[in-house]
Every structure is written in structure tokens, then in C-alpha cells.
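For reference, the chains in residue letters:
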Amino acid sequence: MDPQNSTEAKQLLNHAKTLRLHTGNLVNRSRLKKKCPGSTSEELRDCIQATLSDWFSTNKVSSKELPETLDCFLSEATDAITPEEREEVKVSVKLFLCESGQSSIRDAVEMACQTLAVSQLDSVIIAPPGPLEGDCQSLAHLQPAWEQLEALVRSQKIAAIGTSDLDKDLLEQLYNWAQVKPSSNQVNLASCCVMPPDLTAFAKEFDIQLLTHNDAKELMSAATFQEAVQEGAQDLSIADWRLEWVLRYSIIVKSRGIIKSKGYLVSARKASP
């Protein structure tokens, strides 16, 4: 980054209140394809750093226009779905909420639909923020996020909704309370090598698909996110940013079961001074 661009990049980052970032299709991005990240968290960090670095290098940023929302995406790296191919692909999403703001879910789904040029996501799995220290996951903790998802199903923005890391008792409580029932539940195989028999039996009885994942409990710490932003902005001294949500999407060709496209959408806000 040349010195002028560096100064303007710093001004942009320090003036903006919201940062929105899209990594583009990682299947095609050669720079990231050469790396084999050891975890989702590592992959996300690499993606944030590389996308910001590329965006600042290829966009002629101007400090005359200082937007409050900074949209960082590379148009050539984005694979929108054409109307002709929409029926042939499935759009699956996992939404990691880092904060409990209710507008986050709607904003993330809207951004995904807009970025991928679709009117509806086929499935969304929610990973809500963990409970406060000393508390345990409860139905009351899940209900606000689930009600937001149900509203998006009713408005036809999402076709099916699922959960992550619920044991049999909590999944049963959610199922009995929810108006739109969970269609799937992801289980982290790092915490249990074999699916618990009571969970398997309940899921089978109520037609809930059990899936596996290896995502970390905390996808990315505040310090790691700040480091990734700082590295992407060429180690500029910038204000603190807080991660709001991370959306990971996969576009799968139904007939062949292959991933055509995958990537991340990220939203962060300026930390209050």
C-alpha cells in the first residue's frame, strides 16, 4: 500500500462505524487456496486479512468521501447465482452470532441474499453467542434468535432453520416450544466422538437431521479479529473493532453434491470508546 493510500485507508477505517466484508468465492481465490488452514478460525482470520489487504490495494480510496459503513468486497471474486442455475444449487448457511443484537440475524440474511443474488436461502443453522460465564445454555437464551429466524421463514427469506450443539433435552424443549421446528442440529465431534443415543433417537422420531461440525466454540476472539483487521490494513494503528456476526455460506450443486462456491460475510462495529 503506497503512503497516500495508507493514510486514506486509516481515515476510512477510523471514520466508519460499521465494517462489512465479503471474502468472495474461496474455491476460486488462488491466494487462499494454497493455504491449508488447520481450523475454521484460522481460515476466517486468513480471509479477513487477505480480503482487506486486497481491497485497500485495488480500490482507489478517497478520504473526501468518508462513509459510515465500509463495504469491503472484491467484485471479481464474487460469484452471484444466476436465475437459470438457482434450481440446480442449494444455498446452505451457518450464522455465528458474536453479540446478541436482534437485528443481526435479519441483516446477515439480507446481506447474504443480496451478495449471492437469491431471494431465499435454503437452510440456515444458527450458532448463538455463548451464555455468560457461570450460566448454561437454556431455552430462554435461544428463544430471541429463534423468533427472528421464524419471522424470516414466514417472509420466505429462509426455507429451513437448524441449531448447533444442542443436547437432547434442549433440542426437545426448543422443538416443543417453536412454531417453526428445527430441521437439523449440528453436533461437534470434538466434544463427543459418537452421537449420544438419546439425541439420535429423538432426532429420528421427529425427523431432525443430525450433522457434524468442527467449529470452535468461540469462532474468533476479539483480539484475533483486531489483529486480522490490523494486518489487512498493513499494520496501521486503527481503532478497535468488535465482531457482530460471521456468516459462512456454501453453494452446492444438487445433482453432483459438489461445492461450487463458499465464503464468508463478516460484520463488525466500532467499539465504543
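Residues numbered from 1 in each chain as written. Predicted model: local features only at pLDDT ≥ 70, side-chain atom pairs only at ≥ 80, totals over all residues. Heavy atoms only, no water.

Asker: Requested: an account of the pairing of strand β3 (residues 89-97), with residues and values cited.
Answerer: Of all nine residues making up β3, eight are buried, and the element is well covered by its neighbours. As judged from the nine bridges shared by β3 and strand β8 (residues 241-253), these two strands associate in the antiparallel manner. Note on β8: the bridge partner recorded for Val-91 is Ile-251. Pairing analysis gives five bridges linking β3 to strand β4 (residues 121-127), with the strands arranged parallel. In the sheet register, Ser-92 faces β4, and the bridge partner there is Ser-123. (Buried < 20%, exposed > 50% of the residue type's maximum accessible area, 1.4 Å probe, protein only. Helix = DSSP H or I, 4+ residues; strand = E, 2+ residues; numbered from the N terminus. Pairing = 2+ DSSP bridges.)

Asker: Provide a residue-level description of the packing of aromatic side chains, including the pertinent values.
Answerer: Applying the stated rule across the entire model yields four aromatic pairs. Consider the rings of Trp-55 and Phe-56, whose centres lie 5.1 Å apart with planes at 70°: the pair is edge-to-face. For Trp-55, a relative accessible area of 9% puts it in the buried group. Summarising the aromatic geometry, the rings of Tyr-175 and Phe-206 are spaced 4.8 Å apart at their centres and angled 50° between planes, so their arrangement reads as tilted. Of this pair, Tyr-175 sits in helix α6 (residues 168-177) while Phe-206 sits in the loop between α7 (197-205) and β7 (209-213), and the two are 31 residues apart along the sequence. Put simply, the rings of Tyr-175, Phe-202 and Phe-206 touch in pairs and so form one group of aromatic residues. Between Lys-181 and the ring centre of Tyr-175, over which it is positioned, the NZ or CZ distance is 5.0 Å. (Phe/Tyr/Trp six-rings, centres within 6.5 Å; stacked < 30°, edge-to-face > 60°. Lys NZ or Arg CZ within 6 Å of the ring centre and 35° of its normal.)

Asker: Can you explain the nonpolar core? Please cite residues and give values.
Answerer: Counting residues in each nonpolar core, the largest one holds 44 residues, and the members touching the most others are Leu-95, Ile-105, Leu-121, Leu-149, Ile-158, Trp-245 and Leu-247. Counting only elements with at least two residues in this core, the list comes to β3, α4 (103-116), β4, α5 (139-154), β5 (158-164), α6, α7 and β8. Apart from residues no more than four positions distant in its own chain, Leu-247 is found in contact with Val-93, Lys-94, Leu-95, Ala-108, Ala-112, Gly-263, Tyr-264 and Leu-265. Core analysis: the next-biggest nonpolar cluster, separate from the first, contains 30 residues, Leu-44, Leu-74, Ala-127 and Met-220 among them. (Core = buried A, V, L, I, M, F, W, Y, C linked by side-chain atoms within 4.5 Å. Contact = heavy atoms within 4.5 Å.)

Asker: Please set out the environment of Asn-188 residue by residue, giving values where relevant.
Answerer: Assignment of secondary structure puts Asn-188 in strand β6 (residues 184-188). Classification of Asn-188 by relative accessible area gives buried; the value is 13%. Between the C-alpha atom of Asn-188 and that of Thr-212, which follows or precedes it by 24 residues, the distance is 5.7 Å. The contacts of Asn-188, once residues within four sequence positions are left out, are Asp-165, His-213, Asn-214 and Asp-215. From its side chain, Asn-188 meets the backbone oxygen of Asp-215 in a polar contact 3.1 Å long. (Polar contact = N/O pair within 3.5 Å; in protein donor to acceptor, adjacent residues only side chain to side chain.)

Asker: Give a detailed account of the layout of surface pockets, specifying residues and quantitative values.
Answerer: Rolled over the atoms, a probe sized like a water molecule indicates the empty space that remains. Each pocket or cavity is described by its volume, and for the largest pocket that value is around 1,100 Å³. Taken together, 34 residues line the largest pocket, and the ones lying closest to its centre are Pro-128, Pro-129, Gly-130, Lys-217 and Glu-218. Elements that contribute at least two residues to the lining of the largest pocket include exactly β3, α6, β6 and β8. Looking at the lining of the largest pocket element by element, the count peaks at three residues for β3. Per-class residue counts for the lining of the largest pocket are 18 nonpolar, seven polar and nine charged. Estimated volume of the second largest pocket: approximately 570 Å³. (1 Å grid on protein atoms, 1.4 Å probe; cavity = no way out; pocket = protein on both sides within 12 Å on 5 of 7 lines; lining within 4 Å. Points joined across faces, edges and corners; volume = space filled by probe spheres on them. Nonpolar A, V, L, I, M, F, W, Y, C, P; charged D, E, K, R; others polar.)

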